[in-house]
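# A look at the structure
Chain by chain, the residues:
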Amino acid sequence: MTGKTLFDKIWDAHVVSEIKGGPSVLYIDKHLIHEVTSPQAFAGLEERDLKVFRPQNTVATPDHNVPTIDQHLPIKDELSRFQVSKLAENCKKHGITLYGLNHPYQGIVHVIGPQLGLTQPGMTIVCGDSHTSTHGAFGNVAFGIGTSEVEMVLATQCILQPKPKRMRINVEGELGEGVTAKDVVLYIISKISASGGTGYFIEYAGSAIRSLSMEGRMTVCNMSIESGARGGMIAPDEKTFDYIQGREFAPKGAEFDAAVARWKELYSDDDAVFDKEYTYEASDIEPMITYGTNPGMGTKIVSSVPSLDDIPKSEQSSYSKSLKYMQFEPGEALSGKPVDFVFVGSCTNGRIEDLRAFADFVKGKQKADNITAWIVPGSKQVEKQAKEEGLEEILNAAGFELRQPGCSACLAMNDDKIPEGALAVSTSNRNFEGRQGPGARTMLASPITAAAVAITGRIIDPRELMLSQKELA
Amino acid sequence: MIEKFINLESTAVPLAVENVDTDQIIPARFLKATTRDGFGENLFRDWRYDKSGNPKPDFVLNDPTYYGAILVAGKNFGSGSSREHAAWAVHDYGFKVVVSSFFADIFKNNALNNGVLPVQVSEEFLQKVFEAIEKDPNTKLKVDLPEQTITIVASGTRESFDINPYKKECLLNGYDDIDYLLSMTEKIEAFEKERV
Ligand code: SF4
């Protein structure tokens with residue numbers, strides 16, 4: 001018998017039953033909900049006169065549609081206010097724990113799950129949000145679902161799902177200075193394309209992946225969906241266990257030890273077979289940035305926009321459409337382009353390490369005059385920590401301000417919209433047309449690249465500034 | 001219950017763009033509703049209307065030449081966000097079938113859960129469909145779910161498509177997944193007991 005992949009071990013342990021030739025009935029351990037994709041699911045329950053089957057397995061927070069200033073005041077936008085209050089009403093009615101606006105645990109759903117220790121190895125986790133893949137960094141099967149599926153989980157704690165195929169992506173070796181988890185994942189997606197992962201669940205492995213911090217691993221798993229994959233995961237190790245230990249909802253004492261013993265079984269067996277496997281060298285990865293309108297359109301910051309000849313014929317018209325939207329020319333250099341906005345935040349790069357990296361980079365420098373910067377912590381806890389660690393002071397001294405937690409300009413549902421035509425360098429995960437506001441142009445990059453851009457006002461490889469800093473020292 | 005789908009013969013609207021992501025299908029700023037209705041109005045909002053809300057004449061939905069209950073799109077349709085609002089918008093606008101050479105997984109599930117049939121065809125067949133519509137906007141496509149085929153009626157060019165047998169049954173009968181899962185409650189409870 002051949003061995004099992006990490007994915008199979010977890011998936012198979014959650015199959016309640018299988019429909020012949022059809023999807024599996026998969027049991028869900030943890031269900032996270034937010035204000036935007038849940039109201040219609042609750043309405044569906046009501047129409048059928050159903051209760052939430054396991055309210056204790058569900059946790060709610062508003063994040064997508066909340067303002068990031070003056071959160072103590074009632075939300076100005078009437079529709080947003082109604083949506084957020086609807087979440088509170090539904091949670092109250094069905095006995096679901098809610099971390100509402102101004103609660104110390106509120107934040108982007110994928111930031112708070114790990115932070116509170118709700119996210120644990122071996123679980124199945126779903127949320128009506130495609131970046132649920134973030135949680136996979138802890139060695140679990142976590143994926144985004146639609147609202148009908150949210151309704152299924154509320155009604156039965158189960159979901160009907162066809163089993164995806166398995167892919168493994170290995171990144172081997174040591175990452176260079178100035179190369180972050182964000183660069184690793186942008187590199188991977190630029191290689192396998194924005195649809196290369198469709199139909200698969202990815203396991204990330206290799207020494208470069210293992211060297212990443214838990215937060216870095218979350219950044220990588222977060223963007224799995226940008227390659228089309230249902231989710232991404234990384235086998236848990238000591239780093240994982242250390243991160244979880246002591247968190248609010250983590251097992252305690254002897255229970256924790258017992259859990260760790262179980263979690264240690266969560267790895268792909270040596271002889272496990274993957275449907276597809278890729279291996280990359282960490283030394284080939286440099287600071288990355290996107291130039292187009294899907295996350296697969298990324299390149300090294302030091303290189304240029306690919307010329308039309310480099311693009312397969314069948315894709316040329318879509319490629320041209322994308323560059324036209326970005327107002328870029330094929331073959332032109334990226335470095336030196338003036339930028340208007342810098343957005344630091346989101347479930348990809350809005351955690352404390354990201355704010356630390358940004359603050360560390362801008363410390364003692366000044367924001368460029370042509371830049372408007374929005375620095376948005378991923379959660380209330382991140383915000384608190386940033387203040388306690390003195391990051392806010394550093395940011396303020398350099399001409400930046402810290403906003404309040406939420407998804408913010410990542411999807412621009414609230415007032416945080418990048419204006420039409422403006423060019424933004426963002427640490428979020430999607431550069432789709434209009435994602436950050438109608439007509440907004442987005443380039444995705446790491447927090448330190450964002451910092452280098454915020455200081456110089458133009459596209460720049462952060463290593464250029466790191467070198468000059470070293471020389472000064 | 002979802003709407004039953006058996007077969008459909010209709011003209012089609014061609015959208016020859018690849019990687020149509022869910023932010024294009026329905027931009028986030030229109031996700032503030034708490035019901036499932038009315039999203040068709042804002043389907044492809046920013047491609048369809050200019051800033052002042054005037055229809056852009058060069059966008060295919062605004063071109064009266066093209067009409068019908070089938071949307072034909074370039075490869076990797078529905079990538080990005082899990083928002084089911086994208087499937088609701090497609091459905092609410094009046095499309096019952098989306099034809100493409102590749103669909104994003106979550107969109108495919110969401111479409112099926114709302115009685116919209118995603119028909120995945122080969123790249124060659126997709127090109128033939130685009131060409132046929134270009135030649136004659138009144139050209140009809142026939143989608144036969146029991147047979148799992150799609151046919152360009154005028155030329156008889158046909159291709160079969162895949163669909164999960166369970167999902168096919170659901171569409172043919174108008175069943176939805178929740179009905180099925182609810183019928184499993186005892187098994188689910190037994191599973192829970194066994195795990196602790
Ligand atoms: S931060 Fe962006 S990607 Fe993450 S959950 Fe919010 S909207 Fe989605």
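Residues numbered from 1 in each chain as written. Chains lettered and ligands numbered in written order. Predicted model: local features only at pLDDT ≥ 70, side-chain atom pairs only at ≥ 80, totals over all residues. Heavy atoms only, no water.

### Here we look at the overall build of chain A
Counting its secondary structure elements, chain A contains 17 helices and 18 strands. In terms of C-alpha radius of gyration, chain A reaches 22 Å, essentially the compact-globule figure of 23 Å for 473 residues. Principal-axis analysis of the C-alpha atoms places the extent of chain A at approximately 60 × 55 × 50 Å. Within chain A, the proportion of its 473 residues that are buried is 66%. Long-range pairs, those at least 24 residues apart, make up 76% of the contacts in chain A between residues at least 6 apart in sequence. Side chains of chain A give 48 positive and 61 negative charges; the mean places of these two sets differ by 3 Å. (Helix = DSSP H or I, 4+ residues; strand = E, 2+ residues; numbered from the N terminus. Rg over C-alpha atoms; globule rule 2.2 N^0.38 Å. Buried < 20%, exposed > 50% of the residue type's maximum accessible area, 1.4 Å probe, protein only. Contact = heavy atoms within 4.5 Å. Lys, Arg positive; Asp, Glu negative; His and termini not counted. Charge placed at Lys NZ, Arg CZ, Asp CG, Glu CD.)

### Thoughts on the overall build of chain B
When its secondary structure is counted, chain B shows eight helices and seven strands. Radius of gyration (C-alpha) of chain B: 18 Å, near the 16 Å computed for a compact globule of 196 residues. Counting only C-alpha atoms, chain B reaches 60 × 45 × 25 Å along its principal axes. Scored against the burial criterion, the 196 residues of chain B give a buried share of 58%. Across chain B, the fraction of contacts at a sequence separation of at least 24, relative to all contacts at a separation of at least 6, is 66%. Split by element, the accessible area of chain B, about 8,300 Å² in all, is 48% carbon and sulfur. (Areas by Shrake-Rupley, 256 points an atom, 1.4 Å probe, with all protein chains shown as cover.)

### Considerations on the packing of helix α13 (residues 352-362) of chain A against helix α14 (residues 380-388) of chain A
For any two helices packed against each other, one specifies the crossing angle of their axes together with the interaxial distance. All names here are of chain A. Running from amino to carboxyl end, α13 crosses α14 at an angle of 35°, the nearest separation of the two axes being 9 Å. Pair α13 / α14 crosses with right-handed handedness. Across the interface between the two elements, I352, L355 and R356 of α13 pack against V382, Q385 and A386 of α14. Across the contact of α13 with α14, the residue classes break down as four nonpolar, one polar and one charged. (Axes fitted to C-alpha atoms, helices over the stretch in contact; angles between N-to-C directions. Left-handed = near helix turned anticlockwise from the far one by under 90°. Nonpolar A, V, L, I, M, F, W, Y, C, P; charged D, E, K, R; others polar.)

### Description of the pattern of salt bridges
Between side chains of opposite charge, pairing is possible as soon as their charged atoms come close. All names here are of chain A. Following the criterion strictly, the structure yields 38 salt bridges over all chains and no others. The closest approach of N and O atoms between R168 and E277, which form a salt bridge, is 2.7 Å. Within this pair, whereas R168 is found in strand β9 (residues 165-172), its partner E277 is found in strand β12 (residues 276-281), the two being separated by 109 residues in sequence. Judged by relative accessible area, which is 40%, E277 ranks as partly exposed. In this structure, E383 and K380 form a salt bridge, with 3.3 Å as the shortest nitrogen-oxygen distance. Of this pair, E383 and K380 both sit in helix α14, three residues apart, which is roughly one turn of the helix. The class for E383 is buried, based on a relative accessible area of 8%. Judged by its relative accessible area of 15%, K380 falls in the buried class. Among the charged side chains, a salt-bridge network with shared partners connects K4, D8, D12, K163, R166 and D275. (Salt bridge = Lys/Arg side-chain N within 4 Å of Asp/Glu carboxyl O.)

### Re the sheet that holds strand β17 (residues 423-426) of chain A
Residues and elements named next belong to chain A. What the four strands build is an open sheet, ordered β16-β15-β17-β18; its pairing is parallel. The two strands at the open ends of the sheet, each matched to only one other strand, are β16 (372-375) and β18 (441-444). Strand after strand, the sheet turns through a mean of 20° between neighbouring axes, direction not considered. Where strand β15 (residues 341-344) and β16 come together, four bridges link them in parallel fashion. Across the sheet, the residue bridging to V344 is I375, located in β16. (Pairing = 2+ DSSP bridges.)

### Concerning the domain arrangement of chain A
Residue and element names in this part refer to chain A. Here chain A is described as being made up of domain 1 (6-277) and domain 2 (289-472). Computed over C-alpha atoms only, the centres of domain 1 and domain 2 are separated by 25 Å. Tallying the contact residues gives 44 residues for domain 1 and 42 residues for domain 2. Taken together, the two surfaces of domain 1 and domain 2 that pack against each other cover about 3,400 Å², and 55% of this comes from carbon and sulfur. In this assembly, domain 1 and domain 2 are joined by one salt bridge. Across the pair R430 and E226 runs a salt bridge, and its minimum N-O distance is 3.0 Å. Counting across the interface, domain 1 meets domain 2 through 24 residue pairs in polar contact (both at pLDDT 80 or more). The set of elements that each furnish at least two residues to the side of domain 1 that touches domain 2 consists of α4 (109-115), α6 (181-192) and α8 (214-222). Of the residues assigned to the side of domain 1 that touches domain 2, the class counts are 16 nonpolar, 21 polar and seven charged. (Domains from an automatic or database assignment. Buried area = accessible area lost by both parts, 1.4 Å probe. Polar contact = N/O pair within 3.5 Å; in protein donor to acceptor, adjacent residues only side chain to side chain.)

### A short note on unusual backbone geometry
The phi dihedral of A412(A) is positive, around 55°, even though this residue is not glycine. Here A412(A) lies in the loop between α15 (391-397) and β17. Of the residues examined, A412(A) reaches a relative accessible area of 3% and is grouped as buried. Positive phi, close to 55°, is recorded for N19(B), a residue that is not glycine. Secondary-structure assignment places N19(B) in the loop between β1 (7-15) and α1 (22-25).

### A closer look at the environment of D275(A)
All names here are of chain A. With respect to the helices and strands, the residue D275 is situated in the loop between α10 (253-263) and β12. Overall, D275 belongs to the partly exposed group, its relative accessible area being 42%. Distance from D275 to R166, taken between C-alpha atoms, is 5.3 Å for residues 109 residues apart in sequence.

### Looking at the side chain of R441(A)
All names here are of chain A. Topologically, R441 is positioned in strand β18. No salt bridge is formed by the buried R441, whose closest oppositely charged neighbour, D340, lies at an N-O distance of 4.7 Å. A polar contact is formed between the side chain of R441 and the backbone oxygen of M326, at a distance of 2.7 Å. Residues within four places of R441 in sequence aside, it is in contact with Y325, M326, Q327, F328, G421, A422, L423 and A424.

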